[in-house]
Amino acid sequence: MVERLVEQRLSLVTLGVSDLDRAERFYTALGWERGNDDDGVAFFQCGGMVVALWDRGALAEDSVVEDNGGWGGVTRALNLRSPAEVDEVLDQAEAAGAVIGRRGADTSWSGYTGIFIDPDGHPWEVAHNPFWTVTDDGRTLLRG
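Just so you know, the residues in each chain are numbered from 1, in the order the chain's sequence is written. Given that the model is predicted, a residue must reach a pLDDT of at least 70 before its local features are reported, and side-chain atom pairs must reach 80 or more before they are shown or counted; all residues, however, enter totals for whole chains, interfaces and linings. Excluded from the side-chain calculation are hydrogens and water; included are all heavy atoms of the structure.

### A few points about the overall build of the chain
Piece 1. A tally of helices and strands in the chain yields three helices and nine strands.
Piece 2. The quantity called the radius of gyration is restricted to C-alpha atoms. Its globule counterpart is 2.2 Å times the number of residues to the power 0.38. A compact globule built from 144 residues would reach a C-alpha radius of gyration of about 15 Å, and the chain, at 16 Å, matches this within 12%.
Piece 3. In terms of principal-axis extent, the alpha carbons of the chain reach across some 50 × 40 × 30 Å.
Piece 4. When each of the 144 residues of the chain is scored for burial, the buried share is 31%.
Piece 5. Contact between two residues is taken to exist if any of their heavy atoms lie within 4.5 Å; hydrogens are not considered. Expressed as a percentage of contacts within the chain between residues at least 6 apart in sequence, the contacts between residues at least 24 apart total 48%.
Piece 6. The method behind every accessible area is Shrake-Rupley, applied with a 1.4 Å probe, and residues are considered shielded solely by the protein chains displayed. With the model as given, the accessible surface of the chain reaches about 9,300 Å², and the carbon-plus-sulfur share is 50%. Secondary structure elements are taken from DSSP: a helix is a run of H or I of four residues or more, a strand is a run of E of two residues or more, and numbering for both begins at the N terminus. Per-residue accessibility, obtained with a 1.4 Å probe over protein chains only, is compared with the maximum for each type, and a residue is labelled buried under 20%, exposed over 50%, and partly exposed between these values.

This is how it looks when you write it as structure tokens:
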């Protein structure tokens, strides 16, 4: 048996934002609850992990990268229990101020997905994958 050096999990995703107050208003309009009272960063408990909102410049400096202002090559995803839930979430995101990049639609792999883009340009895939299970507590399992 090979010893695992790094646990196979993700603890935190931090989104760099241009206006923390605006970003926090957007995510709270989605129904997310902020989990801290620090003025410089907003943390949201998301199942077994945390999503943070932080100033984009400060995040780039802290991450020791140059921010060229472009898309960072990462899409966040929210897996749901049904295609109807996908459409509901896309509608809620749009009402909160998101741009809908793609309405919910059937996929070639028998799923159903759509995309919303938050006010800072972070894309979120909203998906129903019939081959995965979303538990009552929101965990996504590769196998049911």
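### Overview of the sheet that holds strand β3 (residues 49-55)
Piece 1. Pairing is mixed in the open sheet, where three strands are placed in the order β1-β3-β2. Because the sheet does not close on itself, it has two edges, and the strands there are β1 (12-17) and β2 (41-46). The average undirected angle you get between the axes of adjacent strands in this sheet is 20 degrees.
Piece 2. Criterion used throughout: strands pair if DSSP finds at least two bridges between them. As judged from the six bridges shared by β2 and β3, these two strands associate in the antiparallel manner. What sits directly across from Phe44, in β3, is Val51.
Piece 3. Throughout, an axis means a line fitted to C-alpha atoms (over the contacting stretch in the case of helices), and angles, computed between N-to-C directions, take values from 0 to 180 degrees. Docked against the sheet, helix α2 (residues 56-63) engages β1 and β3, running at close to 110 degrees with respect to β3.

### Overview of α2
Piece 1. Regarding α2, its N-cap is Asp55, as a side-chain oxygen of that residue lies 3.1 Å from the backbone nitrogen of Gly57 further along.
Piece 2. In the segment just after α2, Val64 is the residue with positive phi, at about 60 degrees. Any N or O atom pair separated by 3.5 Å or less is treated as a polar contact, with the protein-specific requirement of one donor-capable and one acceptor-capable atom, and with residues adjacent in sequence counted only for side-chain atom pairs.

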